[in-house]
Amino acid sequence: MKSDIHPKYDYVVFNDLASGQKFLTRSTVSSDKTTEWEDGKTYPVIDVEISSESHPFYTGKQRIMDSAGRVERFNARFKNFGKKA
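From a predicted model like this one, the values you see are computed outputs, not experimental measurements. (Residues numbered from 1 in each chain as written. Predicted model: local features only at pLDDT ≥ 70, side-chain atom pairs only at ≥ 80, totals over all residues. Heavy atoms only, no water.)

So, the pairing of strand S1 (residues 10-16)
The buried count for S1 comes to 5 of 7 residues, which makes it a mostly enclosed element. With 6 bridges connecting them, S1 and strand S2 (residues 22-27) associate as antiparallel partners. Bridge pairing in S2 places phenylalanine 14 opposite phenylalanine 23. The antiparallel pairing of S1 with S2 creates a hairpin that spans 5 residues between the two strands, and glycine 20 there sits at a positive phi of about 85°. (Buried < 20%, exposed > 50% of the residue type's maximum accessible area, 1.4 Å probe, protein only. Helix = DSSP H or I, 4+ residues; strand = E, 2+ residues; numbered from the N terminus. Pairing = 2+ DSSP bridges.)

Rendered as structure tokens:
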């Protein structure tokens, strides 16, 4: 591999703003914000809006869409569309 062409791959803490969970993993992203992790070391922090801890798909708290109600509203809005008067 060529030297000095690859991004720095190091430990980073991802902070899920929705659930408050923090994950320590490795990434190429960096940040000026830092936090002290459970091991006593300081790592950069990346704030994310949503992660696997708070996303409805992973938590099982998905909303059921009312598709029947949507279809009925659509048909009611456009029932006379295209008809000649």
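A word on the sheet that holds S1
Whenever strands of a sheet pair, they do so through backbone hydrogen bonds, lying parallel or antiparallel. Read from one edge of the open sheet, 4 strands run S2-S1-S4-S3, paired in mixed fashion. Strand pairing shows two members of the sheet lacking a second neighbour, S2 and strand S3 (34-36), which therefore form its edges. Across this sheet, the average inter-strand angle for adjacent strands is 45°, counted without regard to direction. (Axes fitted to C-alpha atoms, helices over the stretch in contact; angles between N-to-C directions.)

Quick notes on the confidence of the model for the chain
Mean pLDDT over the chain works out to 84, with 84% of the residues at or above the 70 mark. No element of the chain has a lower mean pLDDT than helix H1 (residues 56-59), which averages 66, and none a higher one than S3, which averages 95. (pLDDT = per-residue confidence, 0-100.)

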